[in-house]
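Examining the three-dimensional arrangement
Chain by chain, the residues run as shown.
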Amino acid sequence: MARLGILTGGGDCPGLNAVIRAVTRRALDRGWEVSAVREGWRGLVDGIVEPLGRREVSGILPRGGTILGTTRTNPYKVEGGVEKVLATFEREKLDALVAIGGEDTLGVAAKLYAEHALPVVGVPKTIDNDLNGTDYTFGFDTAVTIATEAIDRLHTTAESHNRVMVVEVMGRHAGWIALHSGIAGGADVILIPEQPVTVEDACSLLERRHQTGKDFSIVVVSEGYELTYASGESTLVGGEARASDQFGHVVLGGVGDALGREIEERTGFETRVTVLGHVQRGGTPTPRDRVLATRYGLKAADLVQEGRFGQMASLRGDEIVDVSLAEATRELKTVPPEWYAVAQAFAG
Ligand code: F6P
């Protein structure tokens, strides 16, 4: 090993800088040089690569965001993109790459490894916790902590005004953030994409709760939950993918407002809606995420040293192990029924 590149791709996430610091520190300790690949795969497509040293990673452990910048560039969607990635890799004399990202960024890494033997290892990032092959991604704990704090605050105002409070959280097509923050915050109804509870049933739960003397309620809804009706009709609330997203994801958001209107009309309970949005992704990582990100970073550097490319650092129980990038990106890790059952035990 002589020179190691590091990139962060996709949506930013608390803990990215902690990974960058851990990989860089271990690489420098081993006498390698480290290069910062700017703005995800775009840095390799456009050749934006700079030296990364001890000074650049000093003090970044608690900082949110990523000092490397990030984009949703997909080299497979850019004219000559893959060739450009390989050319930059060669020109910058990189011997290995650590790609820190979710299913999109790591999906590209898996393909470049399989098709071009690119010496890459992955680190699992995303607040959504929807990456296969690992128990938890870093960033998730911070997002859940932020959402739980918000739910706690909404409880007191809900109770004072006898209102229903709807909280919309992120998570894309997986309900992990809604489920965990909803359980932790004692939500009365939790709506996630994997369990399409109907609007009618959700309203009945609220009505039943009010009949037992509880005049306020908290509803947590995941942005990817489809508004589902007893008639069988369902609607995913969102918009077309943005041009800047070369992975073509639909833009989610807005289901909270739509649901809030339905609840107020159908039950007559005064309802307010809070959309947490990017607050869930900003700011300092929790201690748990800092530790997980640090362990992932050290593991990634070890995988590079061992020449075990095409692998991703992963958490199994309390152990940091590794899985193939192919396995990690094979399918999304969604919420299984046994996890949803925990939430159901407290519904209504
Ligand atoms: O994947 C992380 C995530 O925050 C999702 O939960 C959300 O749907 C999406 O990214 C938002 O993306 P953007 O930052 O492009 O608005």
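Refer to the structure presented above.
A quick note: this is a predicted structure, and the numbers were derived from the prediction, not measured.

1. Topic: the pairing of strand β15 (residues 319-324)
- Note that strand β14 (residues 311-316) and β15 share six bridges and pair antiparallel. Within β15, the position partnered with Leu 315 by the bridge is Ile 320.
- Where β14 folds back onto β15 in an antiparallel hairpin, the turn is made up of two residues, including Gly 317, whose phi is positive at roughly 65 degrees.

2. Some thoughts on the packing of helix α8 (residues 199-211) against helix α9 (residues 255-267)
- Where α8 meets α9, the closest approach of the two axes is 10 Å, and the angle between their N-to-C directions is 60 degrees. For the element pair α8 / α9, the angle class is oblique. Handedness of the α8/α9 crossing: right-handed. Note on element contacts: α9 touches α8 through Leu 259, Glu 262, Ile 263, Arg 266 and Thr 267, opposite Val 199, Glu 200, Cys 203, Leu 206 and Glu 207.
- Residues belonging to the contact of α8 with α9 are distributed by class as follows: five nonpolar, one polar and four charged.

3. Remarks on the sheet that holds strand β7 (residues 189-191)
- A sheet is described by the order of its strands in space; here four strands give the open sequence β7-β8-β6-β13, paired in parallel fashion. Of all the strands in the sheet, the pair left with one neighbour each is β7 and β13 (271-275). Strand-to-strand twist in this sheet, taken as the mean axis angle between neighbours without regard to direction, amounts to 15 degrees.
- In the sheet, strand β6 (residues 164-169) pairs with strand β8 (residues 217-222) via six bridges, with the strands oriented parallel. Counterpart to Val 169 in the pairing with β8 is Ser 222.
- Along the sheet, helix α6 (residues 140-161) contacts β6, β8 and β13; its crossing angle with β6, the most-contacted strand, is approximately 165 degrees.
- Along the sheet face, α8 touches β6, β7 and β8 and points at about 160 degrees away from the line of β8.

Conventions adopted
Residues numbered from 1 in each chain as written. Predicted model: local features only at pLDDT ≥ 70, side-chain atom pairs only at ≥ 80, totals over all residues. Heavy atoms only, no water. Pairing = 2+ DSSP bridges. Helix = DSSP H or I, 4+ residues; strand = E, 2+ residues; numbered from the N terminus. Axes fitted to C-alpha atoms, helices over the stretch in contact; angles between N-to-C directions. Parallel < 35°, antiparallel > 145°, perpendicular 65-115°, else oblique. Left-handed = near helix turned anticlockwise from the far one by under 90°. Contact = heavy atoms within 4.5 Å. Nonpolar A, V, L, I, M, F, W, Y, C, P; charged D, E, K, R; others polar.

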